[in-house]
Amino acid sequence: MAAGDPQAGETAFRVCRTCHQIGETARNFVGPELNGVVGRKAGTVVGYNYSDAVKNSALAWDEATLAKYLKDPREFVPGTKMTYSGMASDEDVANVIAYLKLFGPDGKKK
């Protein structure tokens, strides 16, 4: 996967903000907060009620796994609660992942 542009990723992430928060004041919302998501085991944000499909997936959100999930969440993890149909553009996927990588588990930019 090509390296993404985090600035463009911030713009592409706008569609994600409907359900997800990121940053120092992020909270679980419709979806879990995404601080430190890159490298995190799936289904582990405290206080978020994940689907059994995600909790039992044994996935870790590395860049390759996130790319597949962002392209088609329901195909990649059948039974996920995420209703978003997926990002059509590989460039947007790479950019969003680059943006997500900016945030540590505490929500501070690295």
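This section reports on the structure supplied with the text.

Scoring rules and cut-offs
- Residues numbered from 1 in each chain as written.
- Predicted model: local features only at pLDDT ≥ 70, side-chain atom pairs only at ≥ 80, totals over all residues.
- Heavy atoms only, no water.
- Core = buried A, V, L, I, M, F, W, Y, C linked by side-chain atoms within 4.5 Å.
- Buried < 20%, exposed > 50% of the residue type's maximum accessible area, 1.4 Å probe, protein only.
- Helix = DSSP H or I, 4+ residues; strand = E, 2+ residues; numbered from the N terminus.
- Contact = heavy atoms within 4.5 Å.
- Axes fitted to C-alpha atoms, helices over the stretch in contact; angles between N-to-C directions.
- Parallel < 35°, antiparallel > 145°, perpendicular 65-115°, else oblique.
- Left-handed = near helix turned anticlockwise from the far one by under 90°.
- Nonpolar A, V, L, I, M, F, W, Y, C, P; charged D, E, K, R; others polar.
- Phe/Tyr/Trp six-rings, centres within 6.5 Å; stacked < 30°, edge-to-face > 60°.
- 1 Å grid on protein atoms, 1.4 Å probe; cavity = no way out; pocket = protein on both sides within 12 Å on 5 of 7 lines; lining within 4 Å.
- Points joined across faces, edges and corners; volume = space filled by probe spheres on them.

The next thing to look at is the nonpolar core. Ranked by size, the top nonpolar core spans 25 residues in total, and within it Phe-13, Ile-22, Trp-61, Val-96 and Leu-100 carry the most contacts. Looking at this core, the elements with two or more residues in it are α3 (63-71) and α5 (90-100). Per-element tally for this core: the top contributor is α5, with five residues. What Leu-100 contacts, discounting residues up to four positions off in sequence, is Phe-13, Ile-22, Leu-34, Val-37 and Val-38.

This brings us to the packing of α3 against α5. Interaxial distance between α3 and α5 falls to 10 Å at its minimum, and their mutual angle equals 130°. In terms of orientation, α3 lies oblique with respect to α5. For the pair α3 and α5, the sense of crossing is right-handed. Side by side, α3 and α5 meet where Glu-63, Leu-66, Ala-67, Leu-70 and Lys-71 of the first sit next to Asp-90, Val-93, Val-96 and Ile-97 of the second. A per-class count over the contact of α3 with α5 returns six nonpolar, no polar and three charged.

Another aspect to go through is the packing of aromatic side chains. Applying the stated criterion to the full structure yields four aromatic pairs. Both rings, one in Phe-13 and one in Tyr-99, keep their centres 5.3 Å apart while their planes meet at 50°; by these two values the pair is tilted. Within this pair, whereas Phe-13 is found in the loop between α1 (6-12) and α2 (52-55), its partner Tyr-99 is found in helix α5, the two being separated by 86 residues in sequence. The residues Phe-13 and Tyr-99 share a single accessibility class, namely buried. On the numbers, 4.8 Å between centres and 80° between planes, the contact of Tyr-48 with Tyr-50 is edge-to-face. On the basis of relative accessibility, which here comes to 10%, the residue Tyr-50 falls in the buried class. Members of the aromatic cluster, connected to one another through ring pairs, are Phe-13, Tyr-99 and Phe-103.

Estimates place the volume of the largest pocket at around 540 Å³. Taken together, 29 residues form the lining of the largest pocket, with His-20, Gly-31, Pro-32, Tyr-69 and Met-82 sitting closest to its centre. Broken down by secondary-structure element, the contributors of at least two residues to the lining of the largest pocket are α3 and α5. Considering every element that reaches the lining of the largest pocket, the biggest residue donor is α3, with three residues. Of the residues that constitute the lining of the largest pocket, the class distribution is 20 nonpolar, seven polar and two charged.

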